[in-house]
Amino acid sequence: MDPDQQVARLEKLIVRLGGFPDRDLIHQITECGRLGLRTGGQALAERMCAAIMDVLDDGENGTTAAERRVPLFYALDSVVKNVGDVFQPLLSVRVRAAFERAFAACAEKDKTRLHHVLRTWNEKSIFAEHLDDLNALVAPWHAALVARASAADAAA
C-alpha cells in the first residue's frame with residue numbers, strides 16, 4: 001500500500017469510528033499508524049497525525065460533531081501509547097488546543113471520558129508539556145462533579 005492509500009485508509013477508519021469508541025476500529029487505527037511509521041517513516045507519520053488532528057482541530061469550522069471527538073481522542077491515545085515513536089511529538093503540537101475545544105463542546109458523559117484519558121496521560125507522562133494546562137482546564141469541572149456527588153451522598 002502506497003502512502004496515499006495508507007492515509008486514505010486512516011481517514012476512512014476515522015469516519016467509520018463516528019461517535020462510538022469502537023475498540024476494533026481504534027485498534028485498526030493504531031495498527032494503521034504502526035504500519036505507516038514502519039513503511040513510510042517520519043513523513044507518513046506526519047501525514048497521519050495531520051489526518052487525525054485535522055478532524056479534532058476544526059473548532060473554528062465546527063464541522064466535527066462534539067460526540068465524535070472523544071472516540072478520536074481514544075484513538076489518538078492508543079496510537080501514542082502503543083506505537084509512540086514519532087507520534088507523540090507530532091501530535092503534541094496541536095493536542096492541547098484540540099483537547100480544550102473538545103472538552104468545552106462535549107456533553108457531561110464525554111467530559112468524564114476525556115478526564116479519564118487525561119488521567120492516563122498524567123500517569124504515563126504523555127504530552128507532559130501540556131499536562132499542567134489541561135489539568136487546570138479540567139479541575140473546575142472535576143471539582144463541581146465531586147461536589148455534586150458529595151451533596152447527593154449527604155442527601156441520601
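Criteria and cut-off values
Residues numbered from 1 in each chain as written. Predicted model: local features only at pLDDT ≥ 70, side-chain atom pairs only at ≥ 80, totals over all residues. Heavy atoms only, no water. Helix = DSSP H or I, 4+ residues; strand = E, 2+ residues; numbered from the N terminus. Rg over C-alpha atoms; globule rule 2.2 N^0.38 Å. Contact = heavy atoms within 4.5 Å. Salt bridge = Lys/Arg side-chain N within 4 Å of Asp/Glu carboxyl O. Buried < 20%, exposed > 50% of the residue type's maximum accessible area, 1.4 Å probe, protein only. Polar contact = N/O pair within 3.5 Å; in protein donor to acceptor, adjacent residues only side chain to side chain. Expected span 1.5 Å × (residues − 1).

Description of the overall build of the protein chain
Okay, so step 1: From N to C terminus, the protein chain includes six helices and zero strands.
Okay, so step 2: Sequence-ordered secondary structure for the protein chain, helices as α and strands as β, is α-α-α-α-α-α.
Okay, so step 3: In terms of overall dimensions, the protein chain is globule-like: its C-alpha atoms have a radius of gyration of 16 Å, near the 15 Å expected for 156 residues.
Okay, so step 4: Each of the three principal axes of the protein chain carries a C-alpha extent, and together these read 60 × 30 × 30 Å.
Okay, so step 5: Within the protein chain, contacts between residues separated by at least 24 positions form 70% of all contacts whose residues are at least 6 apart in sequence.

A few points about the pattern of salt bridges
Okay, so step 1: Considering all chains together, one arrives at eight salt bridges under this definition.
Okay, so step 2: Arg34 is paired through a salt bridge with Glu31; the nearest N and O atoms lie 3.1 Å apart. Note that Arg34 and Glu31 are positioned in helix α2 (residues 23–56) at a spacing of three residues, about one turn of the helix.
Okay, so step 3: Arg34 gets classed as partly exposed once you look at its relative accessible area, which sits at 29%.
Okay, so step 4: Exposure remark for Glu31: the relative accessible area of 29% places this residue in the partly exposed category.
Okay, so step 5: With a closest N to O distance of 2.7 Å, Arg94 and Asp54 form a salt bridge. Placement of Arg94 in helix α4 (residues 87–105) and of Asp54 in helix α2 is noted, with a sequence separation of 40 residues between them.

Let's talk about the environment of Gln28
Okay, so step 1: Following the sequence through the fold, Gln28 ends up in helix α2.
Okay, so step 2: Filtering out sequence-adjacent residues up to four positions away, Gln28 remains in contact with Arg9, Leu13 and Arg16.
Okay, so step 3: In this structure the side chain of Gln28 is engaged in a polar contact, spanning 2.7 Å, whose partner is the side chain of Asp24.

Re unusual backbone geometry
Okay, so step 1: Its identity is not glycine, yet Ser125 carries a phi of approximately 55°, on the positive side.
Okay, so step 2: Within the secondary structure, Ser125 sits in the loop between α5 (108–124) and α6 (128–155).
Okay, so step 3: By relative accessible area, which is 47% here, Ser125 ends up partly exposed.
Okay, so step 4: If you check the backbone angles, Phe127 has positive phi at about 55° while not being a glycine.
Okay, so step 5: When you line up the elements, Phe127 lands in the loop between α5 and α6.

Structural notes on α5
An α-helical turn contains 3.6 residues, so any two residues separated by three or four positions project in the same direction.
Okay, so step 1: For α5, which comprises 17 residues, the first-to-last C-alpha distance of 25 Å matches the rise-based estimate of 24 Å (1.5 Å per residue) to within 8%.
Okay, so step 2: Within the span of α5, buried status applies to Asp110, Lys111, Leu114, His115, Val117, Leu118, Thr120 and Trp121.
Okay, so step 3: Where α5 is buried, its residues touch α3 (66–82), α4 and α6.
Okay, so step 4: A positive phi of about 55° marks Ser125, the residue just after α5.

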